[in-house]
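As a plain string of letters, each chain reads:
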Amino acid sequence: MSLLDQIVARAKADKQRIVLPEAEEERTLKAADKVLANDLADLILIGNPENIKKEATEWGLTHLDKATIIDPLHCEKTEEYAALLAELRKKKGMTVEQARELVTKNNLYLGCMIIKTGDADGQISGALSTTGDTLRPALQIIKCAPGITCVSGAMLLITKEKEMGKDGVVVMSDVAVTPNPTADQLAQFAYCTAQTAKSLAGIDDPGVAILSFSTKGSAKDAKDKTTGKSVYIIDKVIEATQLAKEKYPELHVDGELQADAALVPSVAHTKAKGSDVAGKANVLIVPNLEVGNIGYKLVQRLGGAIAIGPILQGIARPVNDLSRGCSVDDIYYMVAITSCQAQDAKANEAK
Ligand code: ACO
């Protein structure tokens, strides 16, 4: 069974309630129909019911009567959501009027309020919205998972290089959210990405490499000419590795490692003797968003890898982002991924 089929099977085994706030968008509505036809998840569609009905007829969609449709302009819980949102954002000066405006006019905010009040388990948007617009209500309303202060985005990369990663599969982060993370944030990404690898990539024993252009001191940080201080590129990765080891003693993590030392046993043997992660890493943490975003796209486009994601991690309930060029199947599989993350979030909360 392929990785995606395994994720779908897991999602179906314990169905979750997923919000699609861009329900009137064509690919989203077609994906919703497929989700319901295959009994993958329970869906809450936010949009104008008349428009959705009209579109369903036009596009021959026959399973949408199984979804709950919420009209943002006639939602019976508007006042409850507005009051709670204003309370949550009180420190930022949000009034009930402003909150009401958001939950009636911005479906992404309404969806996050539905999750916040326990009526749904996860949300997916991005066919129409930017990454920032998808993330902002999640960060403001749902907030981070316990113990986490910084959200990140992981990419599952299914490569043809079966001798690297876990049978060719590596999970890489952060590729989507935080432009210039601190050492502590990198340590959190290491932890969250290892959890994602276990949950979604079938990697039972994640080996996490925190990457740099240096392996174990092969290069040194440059000094700032004025202050004489480290420019904090390699040193940040060294500090992140130390923090990850201290904060998450059960985590199998090492750094600073170059990508080849992390992935290739012969290179690891030469450059990182004694490391129990080097040469067999299957989780890669990059030092900043530029490296992550450019790196995964090179692996995908030049290396022919299948890239699944970004999968947002570290939010108390899963909210995922789609590319605006996404297909119906991309949305379908993202519903499955989000469902598995929701199962994990509930299981962690019950611990
Ligand atoms: N983790 C947790 N919380 C965060 C994070 C984070 N990484 N970033 C911001 N927040 C919180 C802030 O603390 C703030 O909370 P508060 O309002 O309760 O105090 C709230 O989120 C809003 O933060 P702002 O900084 O005011 O919001 P901003 O408008 O800057 O948006 C965002 C933050 C959306 C994460 C922004 O940094 C962003 O757009 N990041 C890059 C996304 C992107 O474009 N990625 C590349 C494309 S994806 C791809 O190609 C795969």
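Note: the structure precedes this text.
Figured I'd write up the structure that's included with this text. Source: prediction; values computed, not measured.

1. Comments concerning the overall build of the chain
Thinking step 1. Scanning the chain from terminus to terminus reveals 13 helices and 11 strands.
Thinking step 2. Its C-alpha radius of gyration of 21 Å places the chain within 12% of the 20 Å reference for a compact globule of 351 residues.
Thinking step 3. For the chain, the spread of C-alpha atoms along the principal axes amounts to about 65 × 50 × 40 Å.
Thinking step 4. Within the chain, contacts between residues at least 6 apart in sequence are counted, and of these 72% link residues at least 24 apart.
Thinking step 5. Put simply, the chain has 41 plus and 46 minus side-chain charges, and the middle of one group is 4 Å from the middle of the other.

2. Quick word on the environment of Y332
Thinking step 1. One can find Y332 in helix α13 (residues 328-350).
Thinking step 2. By relative accessible area, which is 5% here, Y332 ends up buried.
Thinking step 3. In this structure, the C-alpha to C-alpha distance between Y332 and R136, residues 196 residues apart in sequence, is 23 Å.
Thinking step 4. Discounting chain neighbours no more than four positions away, the residues touching Y332 are V8, A31, K34, V35, N38 and L40.

3. Describing empty space enclosed by the protein
Thinking step 1. Scanning all chains against the criterion turns up 1 cavity of 30 Å³ or more.
Thinking step 2. For the largest cavity, the full set of lining residues is L20, E22, T28, I124, S125, L322 and I331.

4. Some words on a nonpolar patch on the surface
Thinking step 1. A surface patch of nonpolar side chains, about 260 Å² in accessible area, is lined by F213, V231 and I233.
Thinking step 2. With respect to the element layout, I233 can be found in the loop between β7 (208-211) and α9 (234-247).
Thinking step 3. On the basis of relative accessibility, which here comes to 41%, the residue I233 falls in the partly exposed class.

5. As for the nonpolar core
Thinking step 1. With 61 residues, the main nonpolar core has L43 and L45 as its most contacted residues.
Thinking step 2. The leading source of residues in this core is helix α8 (residues 183-200), at 8 residues.
Thinking step 3. If near-sequence neighbours (up to four positions away) are discounted, L43 is found in contact with I18, L20, A32, V35, L36, A67 and T68.
Thinking step 4. Of all hydrophobic cores here, the second largest spans 49 residues; its members include C75, A261, A278 and L312.

6. Re the packing of helix α4 (residues 78-88) against helix α6 (residues 107-116)
Thinking step 1. Contact pair α4 / α6: the axes reach a minimum separation of 11 Å and the direction vectors enclose 90°. The angle between α4 and α6 falls in the class roughly perpendicular. Within the contact between the two elements, α4 uses Y81, L84, L85 and L88 and α6 uses Y109, L110, M113, I114 and K116.
Thinking step 2. Per-class residue counts for the contact of α4 with α6 are 8 nonpolar, no polar and 1 charged.

Criteria and thresholds
- Residues numbered from 1 in each chain as written.
- Predicted model: local features only at pLDDT ≥ 70, side-chain atom pairs only at ≥ 80, totals over all residues.
- Heavy atoms only, no water.
- Helix = DSSP H or I, 4+ residues; strand = E, 2+ residues; numbered from the N terminus.
- Rg over C-alpha atoms; globule rule 2.2 N^0.38 Å.
- Contact = heavy atoms within 4.5 Å.
- Lys, Arg positive; Asp, Glu negative; His and termini not counted.
- Charge placed at Lys NZ, Arg CZ, Asp CG, Glu CD.
- Buried < 20%, exposed > 50% of the residue type's maximum accessible area, 1.4 Å probe, protein only.
- 1 Å grid on protein atoms, 1.4 Å probe; cavity = no way out; pocket = protein on both sides within 12 Å on 5 of 7 lines; lining within 4 Å.
- Points joined across faces, edges and corners; volume = space filled by probe spheres on them.
- Patch = residues over 30% accessible without salt bridge, like charges linked within 9 Å, V, L, I, M, F, W, Y side chains within 5 Å.
- Areas by Shrake-Rupley, 256 points an atom, 1.4 Å probe, with all protein chains shown as cover.
- Salt bridge = Lys/Arg side-chain N within 4 Å of Asp/Glu carboxyl O.
- Core = buried A, V, L, I, M, F, W, Y, C linked by side-chain atoms within 4.5 Å.
- Axes fitted to C-alpha atoms, helices over the stretch in contact; angles between N-to-C directions.
- Parallel < 35°, antiparallel > 145°, perpendicular 65-115°, else oblique.
- Nonpolar A, V, L, I, M, F, W, Y, C, P; charged D, E, K, R; others polar.

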